[in-house]
Amino acid sequence: MKTTIFIFCICFAISFSAQKQAFIYEMKYRPDIHKDSMISKRMVLDISGNVSVFRTEDERRSDSLSKVSGFGIGADQHIERQVYVTKDAVSGKTSRHFRTRFNDFYDVNIEEVQNWQVMPEKKKISGFDARKAVMDYGGRKWTVWFTEEIPVSDGPYIFHGLPGLIVKATDAGRDYEFMLIATKNTSGNLFMRKKGLEMNFSDFRKLMMQYYSDPYADLKLRNMLPVYTSDGHGGKKAMDLNELTRKTQKMIRQDNNPIELKYKNEYREK
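Here the structure is a predicted model, which means the values were calculated and not measured. Residue positions are counted from 1 within each chain, in the order its sequence is given. Thresholds applied to this predicted model are a pLDDT of at least 70 for local features of residues and 80 or more for the giving and counting of side-chain atom pairs; totals over whole chains, interfaces and linings are not thresholded and use all residues. No hydrogens and no water enter the side-chain calculation; it runs on all heavy atoms of the structure.

Draft legend 1. Representation of the nonpolar core in the model. Working definition of a nonpolar core: buried Ala, Val, Leu, Ile, Met, Phe, Trp, Tyr and Cys residues. They are joined through side-chain atoms within 4.5 Å. Note on classification: 1.4 Å probe, protein chains only; a residue is buried when its accessible area is under 20% of the maximum for its type, exposed when over 50%, partly exposed between these limits. Among the nonpolar cores identified, the biggest contains 51 residues, and Y25, W142, Y157, F159, F178 and F204 are the most heavily contacted of them. Counting residues per element, this core draws most heavily on helix α3 (residues 201-213), at six residues. Numbering goes from the N terminus for both helices and strands, where a helix is a DSSP run of H or I of at least four residues and a strand is a run of E of at least two.

Draft legend 2. Representation of the pairing of strand β4 (residues 51-56). Among the six residues of β4, five are classified as buried, and the element is accordingly described as predominantly covered. For two strands to pair, DSSP has to find at least two bridges joining them. Sheet topology note: the strand β3 (residues 39-48)/β4 ladder contains six bridges and is antiparallel. Paired with L45 across the strands is F54, a residue of β4. Taken together, β3 and the strand that follows it, β4, pair antiparallel across an intervening segment of two residues, in which G49 is found at a positive phi of about 60 degrees. Bridge analysis of β4 against strand β5 (residues 85-88) gives four bridges, and the strand direction is antiparallel. Each bridged residue has a counterpart across the sheet, and for V53 the counterpart in β5 is T86.

Draft legend 3. Layout of the environment of I150. Turning to its location among the elements, I150 is positioned in the loop between β10 (140-147) and β11 (165-171). Along the backbone, I150 and T248 are 98 residues apart, and their C-alpha atoms lie at a distance of 42 Å. Between two residues, a contact is recorded if the distance between any of their heavy atoms is within 4.5 Å. Beyond its immediate sequence surroundings of up to four residues, I150 is in contact with F23, F128, G164 and L165.

Dropping the structure here:
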């Protein structure tokens, strides 16, 4: 028998013990839909009080360094590929966050409601007794497994709202998978990045089309051209901006399998 859960906010209490833990996930994804090869990244879900943040280990390290020294680690220049999500249980707000090479920040509010269907299937996942739930979100059909052994209504990516931590999530096309692989104790300090310009996915798609058209516009505005590389003899040589642009545009076209498939841009060769 299926049980439907309509989720409008994060409403399940987060236990005190969970507030001092980080949950480590392995994210596997297929960047190019025309290839079978997958990329793997280690992701961290940090929870403090009513707020959580889900990001790569590198982004977590970068956020921490930025708080201490003002300088972080460079951002992935394929901006749409970034997976950085915050959830606030008080406001019920879930957002995806993106940043550019010069730390321009954009916050995309998630407006879709998470309507879970809890299924009767049960099995062991990552050593926990888990139950199955399904949901359509962002143009993908998702299957997740959650465990009530960890009474945290949260999980990887944008997922939340089930009566236990989500330990595995996979889309029907098997382009994306999140698997809980470890937990560790933390100080509870999230070291979150600063807020960015808020927008919806429609505006973000337009922004990404502009970026695709001229991925080095920010360098031009800052008079930071030409870009130099090693000449192989201890010196430097200027890189061809047109060639750099073509390479970046090709990367964006090939790695165009965003996790929110519903909001995918169709990039054309120029």
